There are 2 protein chains.
Amino acid sequence: MAEPATRTVERALQLLGAVCEAGAVSLAEVSRETELSASTALRLLRTLENSGFVRKDEEGEYRPGLRLVQLGAQALSHESLIHLAAPALQRLVEATGESAYLSVRGHQGTGNDHAVYLAIAEGTHSVRHASWVGRSVPLSGSSLGVVFAGKTPESGYVVSDKGVELDVTAIAAPLRQLGATDAAVDEGPLAAISVVAPSYRMNPAEIQRIGDLVAAEARALLGIPAGS
Amino acid sequence: MAEPATRTVERALQLLGAVCEAGAVSLAEVSRETELSASTALRLLRTLENSGFVRKDEEGEYRPGLRLVQLGAQALSHESLIHLAAPALQRLVEATGESAYLSVRGHQGTGNDHAVYLAIAEGTHSVRHASWVGRSVPLSGSSLGVVFAGKTPESGYVVSDKGVELDVTAIAAPLRQLGATDAAVDEGPLAAISVVAPSYRMNPAEIQRIGDLVAAEARALLGIPAGS
DNA sequence: TGATGCGTTTCACTTATTGAAACGCTAATT
DNA sequence: AATTAGCGTTTCAATAAGTGAAACGCATCA
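Residues numbered from 1 in each chain as written. Chains lettered and ligands numbered in written order. Predicted model: local features only at pLDDT ≥ 70, side-chain atom pairs only at ≥ 80, totals over all residues. Heavy atoms only, no water.

1. Brief notes about the environment of Gly72 of chain A
In plain terms, the rule: Each helix is a run of DSSP H or I of at least 4 residues and each strand a run of E of at least 2, with the numbering of both proceeding from the N terminus. Three exposure classes are used, based on accessible area relative to the maximum for each residue type with a 1.4 Å probe and protein chains only: buried under 20%, partly exposed in between, and exposed over 50%.
Inspection of the secondary structure puts Gly72 of chain A in helix 4 (residues 66-78). Residue classification places Gly72 of chain A among the buried residues on the basis of a relative accessible area of 0%.

See the structure below:
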């Protein structure tokens, strides 16, 4: 964990992240959030703006820029995972009526890991779990956390009740060797699919049914090589 | 057009762009493309890597990172435009069978402007124009170019034959005041929708039919305010 | 065996980043 | 009206920080 990083760039990226998280922020706000002096934040934001990574809206607040959307979308489409997983997610929705998610372990940075939702298939029930692509959820206490830790039991799926959100039940299964070299199996899976549903609608039988479905879809995905 | 930009950050962002464009590049390649010394490129790429904006794949090549996908996706979902336009695109596909696109004027940087596809509804014909979200297309000679220049004729749509691609016909219409302040009408529209089809399938009557449809959808979108 | 190209590290040079302070402004506050 | 508070912005001297040529080890290729 060496630290051969350029501070300026780190700060700029931090700023970029803060802008994206907020959706729209004033200079004073981001500079406080990132603990940068106003002048520094302004200079860096200008640079980001010149490159199209952020833009200033009509009210003078900073928002994510087009370049970012473009690069992100490009990267997304390079990620074949999403295309591969989409049909599986759809099938899960059809079979369960609940929302299904594809997530990957987020950037392992400072301590607390997160998972990032890469793709979503929304459930058909009018009361459903709704989230958004790009959302980052904490791993600790969630079924995804267990999955990403490589602790998935024989059954092939992990259930979490009252985890990150109190009234939802999440059922997750790992996409084990997706994109992983044979040597790196002990680092845990890179991706996972999950079904998230309101707890009141669940019972042991239903959980097992869905769990088996999720695990089956996850296993099915493993057969297909991840072409570029 | 002042230049109060930090060189380091600019270079890092340039590097990031190069990595995304390529999908996967070696250090030597990017450093040549961006005209940076290998040592500088390495240092900056390391910083980008530490922040999750790029990652190194098994072969040691640099690829777009998860953080970028995450931020891009987040930004995308904040962009209400896409959600607003999606139904219109779908209707165009249903009425024409051809692919329909939502695009915005890309970051006006160094000279040659581009448009970025933000959303796509794929046509139903087996031979269809296929592109991808995030793709950036040059404006010069395209119907989008005319539209973004604010030169759309009375008819409400612009047709380009043998433009950027030789064998396709594009029909575009501007989303005039979307997101624009009243004062900035002369800067041209910010977004446009278009239908792109193989030329051999087109004829004057069909072009006019589609043109009217595109213009009508574009006009319909203007009525709806762009909520956050 | 020599040549080429790669990723990487080192290091002296000095360039380019930094942040406190000051400015003008608007919007609450008194 | 006068006052305060907060914002975006600019300036500028101090110095912290980024730079790139050169050298290294390691591949692969002739």
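2. As for the packing of aromatic side chains
Ring pairs (aromatic) are described by centroid distance and by the angle formed between their planes. Residue and element names in this part refer to chain A. Put simply, the rule reads: When two rings of Phe, Tyr or Trp (its six-membered ring) have centres within 6.5 Å they constitute a pair, described as stacked for plane angles under 30 degrees, edge-to-face for angles over 60, and tilted for the intermediate range.
A full pass over the atoms with the stated rule returns 2 aromatic pairs over all chains. With a centroid separation of 4.4 Å and an interplanar angle of 25°, the aromatic rings of Tyr101 and Tyr117 are classed as stacked. With Tyr101 in strand 3 (residues 99-105) and Tyr117 in strand 4 (residues 114-121), this residue pair connects regions lying 16 residues apart in the sequence. Across the pair, Tyr117 and Tyr101 agree in class, each one buried.

3. Thoughts on the protein's contact with DNA strand D
Put simply, the rule is: Think of it this way: one heavy atom of a residue within 4 Å of a molecule or strand is enough to make that residue near it. By the criterion applied in these results, polar contacts are pairs of N or O atoms within 3.5 Å in which, for protein atoms, one can donate a hydrogen and the other can accept it, and in which residues neighboring in sequence qualify only through two side-chain atoms. Gly is placed with the polar residues, together with every amino acid not listed as nonpolar (Ala, Val, Leu, Ile, Met, Phe, Trp, Tyr, Cys and Pro) or charged (Asp, Glu, Lys and Arg).
Near DNA strand D there are 19 residues, and of these Arg7, Ala28 and Arg46 of chain A together with Ser39 and Thr40 of chain B occur at the shortest range. Among all atoms of DNA strand D positioned within 4 Å of the protein, those belonging to sugar or phosphate total 78%. In the model, a phosphate oxygen of DNA strand D is placed 2.8 Å from a nitrogen or oxygen of the Arg46 of chain A side chain. Contacts to DNA strand D include Thr40 of chain B, whose side-chain N or O atom sits 2.8 Å from a phosphate oxygen. When residues of the surface near DNA strand D are assigned to their parent elements, the largest contribution, 4 residues, is made by helix 3 (residues 38-50) of chain A. Taken together, the residues of the surface near DNA strand D break down into 4 nonpolar, 8 polar and 7 charged.

4. Points about the sheet that holds strand 4 of chain A
Residue and element names in this part refer to chain A. The following threshold applies: Between any two strands, pairing holds if DSSP finds at least two bridges. Working convention: axes come from line fits to C-alpha atoms, limited for helices to the stretch in contact. Angles between N-to-C directions cover 0 to 180 degrees.
Overall, antiparallel pairing links the 6 strands, which are arranged 5-4-3-8-7-6 in an open sheet. Taken across any chain shown, the strands that pair with only one partner, and hence form the sheet edges, are strand 5 (136-138) and strand 6 (158-161). For this sheet, the mean angle separating the axes of adjacent strands, direction not counted, is 35°. Bridge analysis of strand 6 against strand 7 (residues 168-175) gives 4 bridges, and the strand direction is antiparallel. The residue bridging Val158 from the neighbouring strand is Ala172, located in strand 7.

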